[in-house]
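Fold and contact review
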Amino acid sequence: MLALGDFNELEVARAVDFGLYLTSDDGDLLLPGKYVPEGTQIGDKLRVFVYRDSEDRLIATNLEPLAKINEFAALTVRDVSEVGAFLDWGLEKDLFLPYRNQRRALRPGQRVTVFVYLDETSDRIVANAKWERYLPDVEFTGQAGDQVQLFVADETELGYPVIVNGTHQGLLYHNEVFRPLRLGDTPTGYVRQVRPDGKLDISLQKAGYDEALDAADTLLDVLRKAGGALPLSDKSEPDDIYRRLGMSKKVFKKALGTLYKRGLVQLSPEETRLVSGE
């Protein structure tokens with residue numbers, strides 16, 4: 001059975017002037033000449049992505065799409081019309097996001113997080129910006145402090161809704177994010193708490209002592225690379241600290257304290273300096 005919206009291993013059936021026809025249980029489909037690997041012979045098997053062209057014909061390509069069916073992705077809007085938006089997903093034909101599947105009005109150039117799926121009624125690959133619907137309805141089995149992989153899915157007044165480990169919804173609060181984030185970013189995070197509704201509060205930093213140790217290692221590495229001194233202290237502005245180190249002032253002060261207790265740094269109102277010989 002041909003996997004529409006995914007990669008398939010298909011055999012080359014015959015050659016024509018404009019490409020190759022590949023055979024499948026659903027009939028032969030075209031691989032246009034510009035996508036034919038050099039030296040391909042009749043009978044060879046090729047790994048190709050299968051979708052529908054602008055005339056709804058099955059077609060193959062060796063281009064790598066930005067998302068396959070049953071995947072989340074942050075894609076850029078190419079165009080909008082009365083019936084929906086058209087997203088750049090790395091292929092010649094844009095991915096259709098129907099108006100009914102949008103959560104807000106979109107404009108060209110804007111990024112939007114979607115879930116890509118195969119519409120059973122039309123047999124077309126489409127997108128849905130209401131991505132929460134496609135997260136599995138299962139209980140999160142982890143606990144506070146667990147390291148998780150994040151997908152930044154949106155930005156709201158509260159913070160950044162994220163997809164956690166590809167399966168659960170979480171939130172990074174604005175006042176706990178100290179670096180720029182973009183839709184589609186995949187930072188490592190840590191579970192701060194599991195809420196009664198099953199959603200997760202997430203942090204980009206480890207909690208407590210582990211956070212201080214990680215930050216201390218980062219600060220020590222930056223100091224060494226900077227020749228032993230940085231124009232930062234516990235009196236510095238939070239923006240200056242973040243710009244140089246990517247951490248909050250609170251975390252920076254924890255790191256300073258850790259290194260000072262180890263006897264690795266000298267502190268002054270204007271700078272932090274490694275002790276001689278470090």
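Small disclaimer: the values here were computed from a predicted structure and weren't measured.

1. Things to note about the overall build of the chain
Each helix and strand in the chain was counted, giving 3 helices and 18 strands. Against the compact-globule benchmark of 19 Å for 278 residues, the chain has a radius of gyration of 25 Å, which places it well outside the compact range. Within the chain, the proportion of its 278 residues that are buried is 43%. A separation of at least 24 residues holds for 54% of the contacts in the chain among residues at least 6 apart in sequence. For the chain, the accessible area works out to roughly 15500 Å², and carbon and sulfur atoms hold 46% of it. Taken together, the 35 basic and 45 acidic charged side chains of the chain have centroids lying 7 Å from each other.

2. Quick look at the pattern of salt bridges
A side chain of one charge can pair with a side chain of the opposite charge if their charged atoms are brought near each other. Overall, the coordinates contain 18 salt bridges when judged by the stated rule. For K68, the salt bridge identified is with D6, shortest N-O distance 3.8 Å. Of this pair, K68 sits in the loop between β5 (58-61) and β6 (71-80) while D6 sits in the segment before β1 (7-16), and the two are 62 residues apart along the sequence. According to the relative accessible area criterion, K68 is partly exposed, its value standing at 25%. By relative accessible area, which is 25% here, D6 ends up partly exposed.

3. A look at the sheet that holds strand β18 (residues 272-274)
Judged by pairing direction, the sheet is antiparallel, and its 3 strands sit side by side in the order β16-β18-β17 without closing on themselves. Both edges of this open sheet fall to β16 (229-230) and β17 (265-267), since each of them pairs with a single strand only. Sheet contacts for helix α3 (residues 249-261): β17 and β18; angle to β17, the most-contacted strand, approximately 120°.

4. So, the packing of aromatic side chains
Inspection of the entire model under this criterion finds 9 aromatic pairs. Taken together, a centroid distance of 6.1 Å and an interplanar angle of 35° make the contact between F49 and Y51 tilted. Of the two residues, F49 and Y51, both sit in the buried class. Here the aromatic rings of F115 and Y134 are separated by 4.3 Å at their centres, their planes lie at 10°, and the arrangement is stacked. Taken as a pair, F115 in strand β9 (residues 111-119) and Y134 in the loop between β10 (124-128) and β11 (147-152) lie far apart in primary sequence, 19 residues in all. Take F115: its relative accessible area is 7%, and that puts it in the buried class. Linked through ring pairs, F7, F49, Y51 and W89 together constitute an aromatic cluster. A cation sits over an aromatic face here: R14 above Y21, 4.3 Å from the ring centre. Looking at R47, its charged tip hangs above the ring of F7, at a distance of 3.7 Å from the centre.

Reading the values: rules and limits
Residues numbered from 1 in each chain as written. Predicted model: local features only at pLDDT ≥ 70, side-chain atom pairs only at ≥ 80, totals over all residues. Heavy atoms only, no water. Helix = DSSP H or I, 4+ residues; strand = E, 2+ residues; numbered from the N terminus. Rg over C-alpha atoms; globule rule 2.2 N^0.38 Å. Buried < 20%, exposed > 50% of the residue type's maximum accessible area, 1.4 Å probe, protein only. Contact = heavy atoms within 4.5 Å. Areas by Shrake-Rupley, 256 points an atom, 1.4 Å probe, with all protein chains shown as cover. Lys, Arg positive; Asp, Glu negative; His and termini not counted. Charge placed at Lys NZ, Arg CZ, Asp CG, Glu CD. Salt bridge = Lys/Arg side-chain N within 4 Å of Asp/Glu carboxyl O. Pairing = 2+ DSSP bridges. Axes fitted to C-alpha atoms, helices over the stretch in contact; angles between N-to-C directions. Phe/Tyr/Trp six-rings, centres within 6.5 Å; stacked < 30°, edge-to-face > 60°. Lys NZ or Arg CZ within 6 Å of the ring centre and 35° of its normal.

These figures come from the coordinates and say nothing about function on their own.
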